[in-house]
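Residue-level listing of the chains:
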Amino acid sequence: MFINENQGRSKSKVDFMDHSFIQQPFPVYEKLRAEEPVHRLLLPSGHAAWMVTRYEDAVNILQDGRFVTGVLDNRNDETEESLPPHQAIISRNLISVGPEDHRRLRRLIQKAFTPRMIERLRGRIVEISDELLDKIQAGKTREFDLIEDYAFPLPIIVICEMLGVPLKDQDKFRAWSNTIMESVSNPQMNQESDEVMKAFVNYLQELITQRRNHIQQDLISDLIGIEEEGDKLTEQELYALVFVLIIAGHETTVNLIGNGMLALLEHPQQKQLLMDQPDLIQAAVEEVLRFNGPAEISNVRWAAENVDFQGIQIRQGDMILVALSSANRDSSRYENPDTFDITRKVNDHIAFGKGIHYCLGAPLARLEGEIAINALLQRLPEIRLNTDAKLLEWRPGMIIRGLKAFPVVY
């Protein structure tokens, strides 16, 4: 399965879909960093790829213009015209387009996604977290699922309100998002994913048509109207952007909150320190992002030309994966990388990427994570796991790093 097509057999045989790896990937990454930092693997989809696991190599790949994200420009067997209509309409998004298109889209989108706009959401995020905790504390028992009852609804409510999407549809988004994320590395889910994509695109078409007919005070209306020097989003780009905002707009924060609370509950001294000094929350969130961030692998890169990288001959058109979770635990960059320390001084992690594709929603995810975690600790200081941590199940797939469920008691 892990044949190195260019240079013989890979030294390390790793099944990245294996349950044991998904549950605890960090020892495997440590071994790869030491023995085979540029690792050749064959994905379940049948595509071969290079996986980069060291911090310095990861940063170089993410910032090197020879490695691009424009999948349609680098796959000879797949053009935009050959995609099914429901996939083609969302193909020109921030994640998948090449550098020039990405810069153009980002320039346009930033007009409707400014830091000032994000900061204006602070009060509403506080309200939402309090409302969710009120509901939890009003329950008949002191047991709840931290993902289901708190980490998921908070960011989905925020992104729905931002976009002007009916909150009643949030469960659809969760189901759609889970299927799409898991199908990326599971070809057996292709048919199910295809049906989900059709349903999602049909939903977006109806929603955006409504906004064109009745402009409102929401982000979708803003995106319809943004323009700079005569340039504006095309219909296809608008669909693609709203699609990505709904998926990425809640996935990142759900897992930031979940992974963060797990790290704190498994490190009670750090939890107590944060409760005693809530002003450490920004540093704590950064340490969560480094220690067990919400994105395990970066969006795919492709070699735009032949590249000699760390003695490896990477051919034009080769797929490159950057293991963010591995790079953020690299001992050559961080002292005691497997230690969770919310007072860590040097923390230039790459949980949100690097370079031109740095996550546009990072400020929002950080703000939501800070508010959600501090509110939870202040309102439910005795919160603890309601199961053995070893029994917690992590979501399958190579992109998202997050728990399926998180039973707790207070």
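Residues numbered from 1 in each chain as written. Predicted model: local features only at pLDDT ≥ 70, side-chain atom pairs only at ≥ 80, totals over all residues. Heavy atoms only, no water.

A. Examining the packing of aromatic side chains more closely. Taken as a whole and judged by the stated rule, the model has 13 aromatic pairs. Arranged with centres 6.2 Å apart and planes meeting at 85°, the rings of Phe67 and Phe309 form a pair that is edge-to-face. Note that Phe67 is positioned in strand β5 (residues 67-68) and Phe309 in strand β8 (residues 307-309), a separation of 242 residues in sequence. One exposure class covers both Phe67 and Phe309, and it is buried. These aromatic residues form a ring-pair network of at least three members: Phe173, Trp176, Phe200, Tyr203 and Phe243. Its end group placed over the ring of Trp50, Arg40 keeps NZ or CZ at 4.5 Å from the ring centre. Geometry around Phe291 places Arg329 over its ring, the cationic atom sitting 4.1 Å from the centre. (Phe/Tyr/Trp six-rings, centres within 6.5 Å; stacked < 30°, edge-to-face > 60°. Helix = DSSP H or I, 4+ residues; strand = E, 2+ residues; numbered from the N terminus. Buried < 20%, exposed > 50% of the residue type's maximum accessible area, 1.4 Å probe, protein only. Lys NZ or Arg CZ within 6 Å of the ring centre and 35° of its normal.)

B. Spotlight on the pairing of strand β4 (residues 48-52). Judged by how many residues are buried, β4 sits mostly within the fold: five of five residues are covered. Of the two faces of β4, the one lined by Ala48, Trp50 and Val52 and the one lined by Ala49 and Met51 are each fully buried. In this sheet, β4 lies alongside strand β3 (residues 38-42) in antiparallel orientation, the contact comprising five bridges. Across the sheet, Leu42 pairs through a bridge with Ala48, a residue of β4. The hairpin turn running from β3 into β4, its antiparallel successor, is five residues long, and Gly46 in that turn takes a positive phi close to 100°. Alignment of β4 against strand β10 (residues 319-322), held across four bridges, turns out to be parallel. Opposite Met51, over in β10, you have Leu321 as the bridge partner. (Pairing = 2+ DSSP bridges.)

C. Structural context of the sheet that holds strand β12 (residues 407-409). If you walk across this open sheet you meet the three strands as β6-β12-β11, and the pairing is antiparallel. Only two strands of the sheet have a single partner each, and these edge strands are β6 (143-145) and β11 (384-385). In terms of strand pairing, β11 meets β12 through two bridges, oriented antiparallel. Bridge assignment links Leu385 to a residue of β12, and that residue is Val408.

D. Quick peek at the pattern of salt bridges. Evaluated as defined, the whole model comprises 24 salt bridges. As a salt-bridge pair, Asp64 and Arg66 come within 2.7 Å of each other at their nearest N and O atoms. The shortest N-O distance in the salt bridge between Arg104 and Asp231 comes to 2.8 Å. Placement of the pair is Arg104 in helix α6 (residues 99-109) and Asp231 in the loop between α13 (219-225) and α14 (235-266), with a sequence separation of 127 residues. What makes Asp231 buried here is its relative accessible area of 18%. Members of the salt-bridge network, linked through shared partners, are Arg104, Arg107, Asp231 and Glu237. (Salt bridge = Lys/Arg side-chain N within 4 Å of Asp/Glu carboxyl O.)

E. Local environment of the sheet that holds β10. Spatially, five strands are ordered β3-β4-β10-β7-β5 in an open sheet, and the strand pairing comes out mixed. Looking along the sheet, the strands with just one partner apiece sit at the ends: β3 and β5. In this fold helix α3 (residues 55-63) packs onto β3, β4, β5, β7 (301-303) and β10, with an angle of close to 130° to the strand it touches most, β10. (Contact = heavy atoms within 4.5 Å. Axes fitted to C-alpha atoms, helices over the stretch in contact; angles between N-to-C directions.)

F. Just the confidence of the model for the chain, in detail. Per-residue confidence for the chain gives a mean pLDDT of 88; residues scoring 70 or more make up 89%. This model gives residues 1-9 a pLDDT under 50, and the stretch forms 28 contacts once residues within four places in sequence are excluded. (pLDDT = per-residue confidence, 0-100.)

G. Fine view of the environment of Ile224. Considering the arrangement of structural elements, one finds Ile224 in helix α13. Each C-alpha atom of the pair Ile224 and Glu235 lies 8.7 Å from the other, and the pair is eleven residues apart in sequence. Setting aside chain neighbours within four positions, we find Ile224 in contact with Ile208, Arg211, Arg212, Ile215, Lys232 and Leu238.

H. Structural context of the pairing of β10. The two faces of β10 match: Met319 and Leu321 on one face and Ile320 and Val322 on the other face are all buried. Pairing analysis gives two bridges linking β7 to β10, with the strands arranged antiparallel. Of the residues in β10, the one forming a bridge with Arg301 is Ile320.

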